[in-house]
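Chain by chain, the residues:
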Amino acid sequence: MKKYWNVGIILLFLCNSFNLLGQQTGKIENGFNTDNFPDVSFVYHSYNPSVLEKSDIWYLKESGSNRDFSFEKLPNRIVNQPQNILILWEDMAHNGFGQYDFTKKTLLGFFNTADISTQDRFAISTFNRRTNTNPASKSITNGFSNDRYQLIQSIEDYQRSSQYYQDFPNRSDMYTAIREGLEQLAPLKNTKAIIVFTSGYSMKNSGADSEVQVLLKAQQLHIPIYIFQYYYRSGVAPEAEGFAKSTFGGFYSHKDAHTAETALINLYSKINTRYQGHNYRITFTSNAKRNDDVRMVSLSVKGVEIQEQLFPPTHTFKTFAKEYPWVFVLAIIVLAGIVTGVVLFVRKTKQDTQANRETIKQLEEQHIKDVEEARQQQIARDQKAKEEIIRKQKEEEENRLRNLMAVKNVYPRLKCNIDSNIFTYEISKPITTLGRENSDVILPNHKVSRQHAKIVFNGSCFEIIDDDSTNGVWVNGQKVAQTTLRSGDTIILGDVVVTFI
């Protein structure tokens, strides 16, 4: 008898512990609203799918002092997010495969009849009562899928386990499998949930993960865990029930697969709502003054305290007038006097200076004109000097190259053939232009540009350069933009053939 009392006390302790731990999920969203200061409001978000009452808020303190507050549940704005649901299937042979058949029928019935959104994804993994392996669970769907028929086929193809664990029949890898599932869901976006199918025996964990450790991780990640118990002989499993509810999930115990299937379909339609929780607006009157130092606000939800910093707002023109009306009126009177004095002073100054403004304007315009003329003259002088320098440089370079040609006695000739009209031109200067008009060598042909090309002596050899002609320059059958000429080279300009000799 004493043994049963001890077991009961332990179970009661675990349930209470889970209940307290389960309350640690909530936050103050988007800080404080101080638009109506000293009335301050904020939104408290609870992940608990059950609706809180004002009595669940044990106290609200500002800088350590209790404050009265109003409490309002805000309408739910449920966003139909895509859901990522992991199903953990406990496969054991202790009950004559009854649990295997129960789970298989429930899942097949669900995937065959439920109205499943195409954006929702499911993954199914199995685990046993005690394998003590890493990983503890094994995927039978190769990850998440939204293909209903693939999921059904994976369930149909799965072969049940025939392993018995006679030495430790009540040990399970369930918590380790749940922990692995939490890690698998953690990086995914949108709604997440884990659904476990188990016999729910009173179990000791065989892996390194205790139920408390896994519970804390589920609460930290805000991932609810729903447990479906195959009600065999052991009755409702209080440990599994307490664990599931403490993650804000749920616990379901059934013998009949059809009943479990109906419960699973109903749960599926509500997971999004349960996952997103509820918002509550809490309003209190602060005893802080504007421009005061930061205040610490503490909110206790069922004994779990959340703290947030409140920054009292600064004064604005509107708030100052509201809180200090007589000072505001006096300030308006003083300001009006100052404005009137300034207006009178400006008017008198305007009258006294009106006669001088035109003179000042004329002087400014004349000054601007003189400065502009001087600037233009300087620009012209600079440009002329620059052009003179360039001209002298070109002249000096041309004389240098001309003298170099004389010293080297290089005076090549151009043999030009225009429609069988042949003439020879001797190159006697560093730059010789060729074209239809305005060139040293006139080539009267309609395919020759006005300024077609030029032959330049660079001090060591002669080069031909295309002068942006229409039909280009061809040397020895190759079109070129610039190339060195050698004796005997054939140059084609339009229809004119020129031989460099």
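Higher on the page you've got the structure.
Here the structure is a predicted model, which is why all the values come from computation and not from measurement. (Residues numbered from 1 in each chain as written. Predicted model: local features only at pLDDT ≥ 70, side-chain atom pairs only at ≥ 80, totals over all residues. Heavy atoms only, no water.)

A. Local environment of unusual backbone geometry. In this chain, F37 is followed by P38 through a cis amide linkage whose omega measures 15°. Locating P38 in the fold gives a position in the loop between β1 (26-33) and β2 (39-46). Even without a glycine there, the phi angle at H222 is positive, about 55°. Among the secondary structure elements, H222 is positioned in the loop between α5 (211-221) and β12 (225-230). Owing to a relative accessible area of 28%, H222 belongs among the partly exposed residues under this scheme. (Helix = DSSP H or I, 4+ residues; strand = E, 2+ residues; numbered from the N terminus. Buried < 20%, exposed > 50% of the residue type's maximum accessible area, 1.4 Å probe, protein only.)

B. Fine view of the pattern of salt bridges. Evaluation of the coordinates by the stated rule reveals 13 salt bridges. For E183, the salt bridge goes to R179, with nearest N and O atoms at 3.3 Å. Placement of the pair is E183 and R179 together in helix α4 (residues 174-185), with a separation of 4 residues, close to one helical turn. Of the residues examined, E183 reaches a relative accessible area of 41% and is grouped as partly exposed. Linking E241 and K245 is a salt bridge whose minimum nitrogen-to-oxygen distance equals 3.0 Å. Taken together, the residues E241 and K245, both in helix α6 (residues 238-246) and 4 residues apart, mark about one turn of the helix. Owing to a relative accessible area of 48%, K245 belongs among the partly exposed residues under this scheme. Here the residues in one salt-bridge network are E62, R67 and R295, joined through shared partners. (Salt bridge = Lys/Arg side-chain N within 4 Å of Asp/Glu carboxyl O.)

C. Structural context of the nonpolar core. I87, F111, F122 and I195 are the most contacted members of the largest nonpolar core, which has 31 residues in total. Elements that contribute at least two residues to this core include exactly β6 (83-90), α2 (98-113), β7 (121-127), α3 (148-157), β10 (191-198), β12 and α7 (257-268). Residue contacts for I87: discarding those within four places in its chain leaves L107, F111, F122, A123, I124, S125, I195 and F197. (Core = buried A, V, L, I, M, F, W, Y, C linked by side-chain atoms within 4.5 Å. Contact = heavy atoms within 4.5 Å.)

D. Representation of a nonpolar patch on the surface. A cluster of nonpolar residues, L330, V334, I338, V342, F345 and V346, forms a patch on the protein surface that exposes about 590 Å² of accessible area. In this fold, L330 is placed in helix α10 (residues 325-408). Overall, L330 belongs to the exposed group, its relative accessible area being 55%. (Patch = residues over 30% accessible without salt bridge, like charges linked within 9 Å, V, L, I, M, F, W, Y side chains within 5 Å. Areas by Shrake-Rupley, 256 points an atom, 1.4 Å probe, with all protein chains shown as cover.)

E. Fine view of α5. Buried residues of α5: E211, V214, L215, A218 and Q219, and no others. The buried residues of α5 occupy an angular sector of 135° when projected down its axis, which confines them to one face. Just past α5, the residue H222 takes up positive phi, approximately 55°. (Arc of directions from axis to C-beta.)

F. Seen up close, the environment of Q184. Residue position: Q184 is located in helix α4. Between the alpha carbons of Q184 and G143 there is a distance of 9.4 Å; along the sequence they are 41 residues apart. What Q184 contacts, discounting residues up to four positions off in sequence, is L86 and F144.

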